[in-house]
Amino acid sequence: MLALQSFVLGGYAAALILALVCCELAVLWFRYRYKEGASPRQWLSPLLAGAALVCALLLAQVNAPQELLGLALAAAGVAHLMGYRQRWYG
């Protein structure tokens with residue numbers, strides 16, 4: 001149990017999730033590039049918002065400067081707003 005707690009609290013879990021989000025981005029881009037997947041308009045803002053939130057979590061866990069944490073949260077907010085705009089206005 002101590003190893004799992006260390007994995008989560010040490011920021012390793014957030015780093016792993018961030019790596020998985022990057023892999024998801026690569027797969028989605030590859031599928032779009034070869035005309036098999038959806039347009040980036042449909043998946044880019046939620047993906048960026050999630051990545052920015054996980055990045056903020058990682059920054060908080062490693063005691064990064066508060067300015068970087070605020071920047072990551074602001075990026076997540078902007079990405080969410082971009083997604084809302086797309087859903088509201090098409």
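We now turn to the structure provided with this report. Note that the structure is predicted; figures quoted are calculated from it, not measured.

Conventions used here
- Residues numbered from 1 in each chain as written.
- Predicted model: local features only at pLDDT ≥ 70, side-chain atom pairs only at ≥ 80, totals over all residues.
- Heavy atoms only, no water.
- Helix = DSSP H or I, 4+ residues; strand = E, 2+ residues; numbered from the N terminus.
- Rg over C-alpha atoms; globule rule 2.2 N^0.38 Å.
- Buried < 20%, exposed > 50% of the residue type's maximum accessible area, 1.4 Å probe, protein only.
- Areas by Shrake-Rupley, 256 points an atom, 1.4 Å probe, with all protein chains shown as cover.
- Disulfide = S-S within 2.5 Å.
- Axes fitted to C-alpha atoms, helices over the stretch in contact; angles between N-to-C directions.
- Parallel < 35°, antiparallel > 145°, perpendicular 65-115°, else oblique.
- Left-handed = near helix turned anticlockwise from the far one by under 90°.
- Contact = heavy atoms within 4.5 Å.
- Nonpolar A, V, L, I, M, F, W, Y, C, P; charged D, E, K, R; others polar.

### Some details on the overall build of the protein chain
Secondary structure summary: the protein chain contains four helices and zero strands in total. Taking 90 residues into account, the globule formula puts the C-alpha radius of gyration at 12 Å, and the protein chain, at 15 Å, lies well above it. In terms of overall dimensions, the protein chain has C-alpha extents of about 45 × 25 × 20 Å along its principal axes. Burial analysis of the protein chain (90 residues in total) assigns 21% to the buried set. Summing over all exposed atoms, the protein chain offers an accessible surface of approximately 6800 Å²; the carbon and sulfur share of this is 69%.

### Notes on the state of the cysteines
What the rule picks out here adds up to zero disulfides. Summary of cysteine pairing: Cys22 is not part of a disulfide, and the nearest cysteine sulfur, belonging to Cys23, is at 7.1 Å. Distance from the sulfur of Cys55, which forms no disulfide, to the nearest cysteine sulfur (Cys22) is 9.5 Å. Here Cys55 falls in the partly exposed class, since its relative accessible area comes to 27%.

### Describing unusual backbone geometry
For Lys35, which is not glycine, the phi torsion reads 60° and is therefore positive. For Lys35, a relative accessible area of 75% translates into the label exposed. A positive phi is found at Asn63, a non-glycine position, where the angle reads about 55°. Within the secondary structure, Asn63 is located in the loop between α3 (40-61) and α4 (66-89). Here Asn63 falls in the exposed class, since its relative accessible area comes to 69%.

### Looking at the packing of α3 against α4
Put simply, α3 and α4 touch, their axes get as near as 8 Å, and they point 160° apart. Here α4 runs roughly antiparallel to α3, going by the angle between their axes. Every pair of crossing elements has a handedness; the one defined by α3 and α4 is left-handed. Contact residues: α3 offers Arg41, Gln42, Ser45, Leu48, Ala49, Ala52, Leu53, Ala56, Leu59 and Ala60, while α4 offers Leu68, Leu69, Ala72, Leu73, Ala75, Ala76, Ala79, His80, Met82, Gly83 and Gln86. Here the contact of α3 with α4 is built from residues that sort into 15 nonpolar, five polar and one charged.

### Looking at the packing of helix α1 (residues 2-9) against helix α2 (residues 12-33)
At a closest axis distance of 4 Å, the pairing of α1 and α2 adopts a crossing angle of 60°. It follows that α1 is oblique to α2 by the angle criterion. Between α1, through Ser6, Phe7 and Val8, and α2, the contact on the second element is made entirely by Tyr12, Ala13 and Leu16. Looking at side-chain class alone, the contact of α1 with α2 contains five nonpolar, one polar and no charged residues.

Purely geometric stuff here, so don't read any function into it on its own.
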